[in-house]
Amino acid sequence: MATVKDKLIQEVNPGAPTVARSKVTIVGVGQVGMACAISILQANIADDVTLIDVMEDKLKGEVMDLQHGSLFLKTTITAAKDYSDTANSKLCIITAGVRQKEGESRLNLVQRNVEVFKHIIPNLAKYSPDAILLVVSNPVDILTYVAWKLSGFPSHRVLGSGTNLDSARFRFLIGEKLKINSTSVHGYIIGEHGDSSVPVWSGTNVAGVSLQSLNPNLDTGKDPEEWKNIHKQVVESAYEVIKLKGYTSWAIGLSVSSLAQSILKNLRIVHPVSYLIKGMHGIKEDVFLSLPCVLGSSGVCGVLKQPLKESETTRLKKSSETLWAVQKELKL
Amino acid sequence: MATVQEKLITPIAGGASEGPRNKVTVVGVGQVGMACAISILLRELPDELALVDVVEDRLKGEMMDLQHGSLFLKTPKIVADTDYTVTAGSRIVIVTAGVRQQEGESRLNLVQRNVNIFKHIIPQIVKHSPNCILVVVSNPVDIMTYVTWKLSGLPKHRVIGSGCNLDSARFRYLMAEKLSVHPTSFHGWILGEHGDSSVPVWSGANVAGVNLQTLNPDIGTDQDKEGWKETHKMVVDSAYEVIKLKGYTNWAIGMSVADLTESLTKNLSRIHPVSTMVKGMYGINEDVYLSLPCVLNNSGVSSVINMTLNAEEVAKLKKSADTLWGIQKDLKDL
């Protein structure tokens, strides 16, 4: 007897394969992974979001919860049973790993997360050999290097969320101080994500008016307005939010969604992200640090040749040395 | 010496800027409250968002985390405080506060715990936003919406329960999956009491106006060989299942609340199955809230659709009304 479905619908092209063209895989369904997921879903930038995690029940529950909201969304949502379900992704976002504990610096997380990546990265690469990998897990600059090594991908297809979030916080805080929307404040924090990030005060401007030209002492200890504090607040942001609510999620989710949008839609928007910086600013090691990069469908399409002061370049070099010292000890 | 701000900017319009026109407050920054907040922000609905809770640290942390994402949002002011003055001037206040269902706990068991919390919250909300529309999410939602209505003194059209909006969304998702169409193309309503006793209106279920019950007169009954009734059971079990797997539900309810908020703030007059005062309808004589298809716009519930229900469906609504009233009449200090 014919089912309701048979009576209702005349199939036209049954069994036609449907292939997602803007598939995003998110590895890790913790608070960060889910914040990335909900932001990407509500931004309507992917046609398929596949989630994968080692914790089966949590993965199933999270995906069910998202699927129950399908009426309000325009994206297929899948829970991967294994890495074969992540196949043909355009973008793989890695949030998996253990999170920073209160007071723990990012560098202390390293070897714990390397072991986790040794399982994840080769699998992602196997099933989506042309994908772009976006690493969020901390310490992001080191783990992006690890992902690059483990995947065998060309460097333009491996990037880290880096200082995209730091720069967003920076622009927010400056915006608050000037009573202007953060989108109208332009400024970059580059280099190592975290304690040693570098605010490029020389380029920080509103409508092209350089703030430093209005206050030449802006980045020194002699500034009565204490602008330098803003960078300090950015560095402490993550620790503070973690102390207050246990973790950070929303801001990083939103910032990752903005990177995903540029990549999937080939927008060529400039974002500060962690990329293989070797050969720039006098750096000789294989390290990943954040610089303003042009992002598009092939990944990192270009890097801005930002003029930096000697003090800024020195800091990048120092970060590079610190990161390399850790990286060379890693068992990959 | 002039500050950078003074050197950079020549002020033009004097005085303080106008207050917000579309302020939304979310009471309770647990998983549900924050899912509502992020969904509402992502839809770019409010020009100001306020968060309130009793746990100060978490509240501040959540506010900061959202503020740090300001670059990617279009809500210029995000504030939070344990003091309700921060909620002043809200158009919509979403109440998610209260204790959550434990694994296996039915919604009705939560009642008195949540009533005591609402006695503190609701009067303060109304004091600071006397013209707001209240959207109640906390469970058991139909009872808590009644409680809110009583405690607020607001007219009934301005007190709405999220009710079966989520149940219907889940129903449409599950049914659509079986038919291989998108949920927005499957039309079906779950009404009445949110939860175990909700009523799927099979007579209205359709795709492109093609009534499913006409194609299968047994649909929704125990005689149905295709077992469509199972889909409603899955909806009822959904919450319990997700809670068992991940500890709580938040994303779907957050998105469904944002959907309601969109109709309310943008004066859309869309129809949603939400919990409204049904006394006088379907032979119900008590002051109870149950979900019916309501037209939502910026006045709140502007009207209710007179859904054609069969005798069995009406009987279920009346039974829910009796159950709810049985609990409500014993609530203290309303």
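Definitions and cut-offs
Residues numbered from 1 in each chain as written. Chains lettered and ligands numbered in written order. Predicted model: local features only at pLDDT ≥ 70, side-chain atom pairs only at ≥ 80, totals over all residues. Heavy atoms only, no water. UniProt positions renumbered as here; feature names shortened; annotations may be inferred. Helix = DSSP H or I, 4+ residues; strand = E, 2+ residues; numbered from the N terminus. Rg over C-alpha atoms; globule rule 2.2 N^0.38 Å. Buried < 20%, exposed > 50% of the residue type's maximum accessible area, 1.4 Å probe, protein only. Contact = heavy atoms within 4.5 Å. Areas by Shrake-Rupley, 256 points an atom, 1.4 Å probe, with all protein chains shown as cover. Lys, Arg positive; Asp, Glu negative; His and termini not counted. Charge placed at Lys NZ, Arg CZ, Asp CG, Glu CD. Core = buried A, V, L, I, M, F, W, Y, C linked by side-chain atoms within 4.5 Å. Pairing = 2+ DSSP bridges. Domains from an automatic or database assignment. Buried area = accessible area lost by both parts, 1.4 Å probe. Salt bridge = Lys/Arg side-chain N within 4 Å of Asp/Glu carboxyl O. Polar contact = N/O pair within 3.5 Å; in protein donor to acceptor, adjacent residues only side chain to side chain. Disulfide = S-S within 2.5 Å.

- An unreviewed UniProt entry annotates chain B as L-lactate dehydrogenase of Acipenser ruthenus.
- Heading Sequence similarities (unreviewed entry) of the UniProt record for chain B holds this comment: "Belongs to the LDH/MDH superfamily. LDH family."
- Its UniProt record gives chain B the following Catalytic activity (unreviewed entry) comment, quoted word for word: "(S)-lactate + NAD(+) = pyruvate + NADH + H(+)".

- As annotated in an unreviewed UniProt entry, chain A is L-lactate dehydrogenase from Acipenser ruthenus.
- The UniProt entry for chain A carries the following comment under Catalytic activity (unreviewed entry): "(S)-lactate + NAD(+) = pyruvate + NADH + H(+)".
- Recorded under Subcellular location (unreviewed entry), the UniProt text for chain A is reproduced unchanged: "Cytoplasm".

1. Overview of the overall build of chain A
- Across its full length, chain A carries 10 helices and 14 strands.
- At 21 Å, chain A has a C-alpha radius of gyration in line with the 20 Å of a compact globule built from 332 residues.
- With the C-alpha coordinates aligned to their principal axes, the bounding extent of chain A is approximately 85 × 45 × 35 Å.
- Within chain A, the proportion of its 332 residues that are buried is 59%.
- Taking as baseline every contact in chain A between residues at least 6 positions apart, the subset at least 24 positions apart corresponds to 70%.
- Taken as a whole, chain A presents about 13500 Å² of accessible surface, with 51% of it coming from carbon and sulfur.
- Within chain A, the 32 negative side-chain charges are centred at a point lying 3 Å from the centre of the 37 positive side-chain charges.

2. A few points about the UniProt feature "binding site: NAD(+)" (unreviewed entry) in chain A
Residue and element names in this part refer to chain A.
- In the numbering adopted here, UniProt assigns the feature "binding site: NAD(+)" (unreviewed entry) to Gly28, Val29, Gly30, Gln31, Val32, Gly33, Asp53, Asn113, Val136, Ser137 and Asn138.
- If you trace the backbone, Gly28 turns up in the loop between β1 (23-27) and α2 (31-42).
- Beyond its immediate stretch of four places on either side in the chain, Gly28 contacts Gly33, Ile52, Asp53, Thr95 and Ala96.
- Structurally, Gly33 is set in helix α2.
- Discounting chain neighbours no more than four positions away, the residues touching Gly33 are Ile26, Gly28 and Thr95.

3. Section: the nonpolar core
- Of all hydrophobic cores here, the largest spans 84 residues; its most connected members are A:Leu51, A:Leu66, B:Leu51, B:Leu66 and B:Ile94.
- In terms of residue count, the dominant contributor to this core is helix α9 (residues 250-264) of chain A (9 residues).
- Non-local contacts of A:Leu51, meaning those with residues more than four positions away in its chain, are made with A:Ile26, A:Val29, A:Met34, A:Ala37, A:Leu59, A:Val63, A:Leu66, A:Thr78, A:Ala79 and A:Ala80.
- Core analysis: the second largest hydrophobic core is formed by 45 residues, B:Tyr84, B:Ile121, B:Val199 and B:Leu317 among them.

4. Digging into the sheet that holds strand β10 (residues 206-207) of chain B
Residues and elements named next belong to chain B.
- Strand order in the open sheet formed by 3 strands is β7-β10-β11, with antiparallel pairing between adjacent strands. Every other strand in the sheet has two partners, leaving β7 (186-187) and β11 (210-211) as the edge strands with one partner each.
- Note that β10 and β11 share 2 bridges and pair antiparallel. What sits directly across from Asn206, in β11, is Asn211.

5. A look at the domain arrangement of chain B
Residue and element names in this part refer to chain B.
- Looking at the assigned domains, one finds that chain B contains domain 1 (23-161) and domain 2 (164-329).
- Taking the mean C-alpha position of each, domain 1 and domain 2 sit 23 Å from one another.
- Each partner contributes residues to the interface: domain 1 has 37 residues there, and domain 2 has 44 residues.
- When domain 1 packs against domain 2, close to 3500 Å² is buried across both sides, 66% of that on carbon and sulfur atoms.
- Counting the contacts that link domain 1 with domain 2 gives 2 salt bridges.
- At the boundary of domain 1 and domain 2, one finds 6 residue pairs in polar contact (both at pLDDT 80 or more).
- For the side of domain 1 that touches domain 2, the elements supplying multiple residues, two or more each, are α2 (31-42), β4 (92-95), β5 (133-136), α5 (141-152) and β6 (159-161).
- For the side of domain 1 that touches domain 2, the element with the most residues is α2, which contributes 7 residues.

6. A look at the interface of chain A and chain B
- At the junction of the two partners, chain A supplies 59 residues and chain B supplies 59 residues.
- Around 5600 Å² of area is buried between chain A and chain B when both sides are counted, 68% of it from carbon and sulfur atoms.
- Sorting the residues of chain A by area buried against chain B places A:His68, A:Phe72 and A:Trp250 first, and these three jointly supply 14% of that buried surface.
- At the junction of chain A and chain B, the tally comes to 6 salt bridges.
- Notably, a salt bridge pairs A:Asp65 with B:Lys246, separated by 2.8 Å at the nearest N-O pair.
- Taken together, the links from chain A to chain B amount to 25 residue pairs in polar contact (both at pLDDT 80 or more).
- Elements represented by at least two residues in the side of chain A that touches chain B include exactly α1 (4-8), α2, α3 (56-67), α6 (164-178), α7 (211-214), α8 (228-245) and α9 of chain A.
- The element contributing the most residues to the side of chain A that touches chain B is α3(A), with 9 residues.

7. Quick notes on the pairing of strand β12 (residues 270-277) of chain B
Residues and elements named next belong to chain B.
- Across the 8 residues of β12, 6 count as buried, placing the element largely inside the fold.
- Bridging between β12 and strand β13 (residues 289-297) involves 8 bridges; their strand directions are antiparallel. Within β13, the position partnered with Val274 by the bridge is Leu292.

8. Remarks on the state of the cysteines
- In the structure shown here, the tally under the stated rule is 0 disulfides over all chains.
- Considering cysteine sulfurs only, A:Cys36 is the nearest to A:Cys92, which forms no disulfide, with 13 Å between them.
- Not part of a disulfide, B:Cys132 finds its nearest cysteine sulfur in B:Cys36, a span of 16 Å.
- According to the relative accessible area criterion, B:Cys132 is buried, its value standing at 0%.

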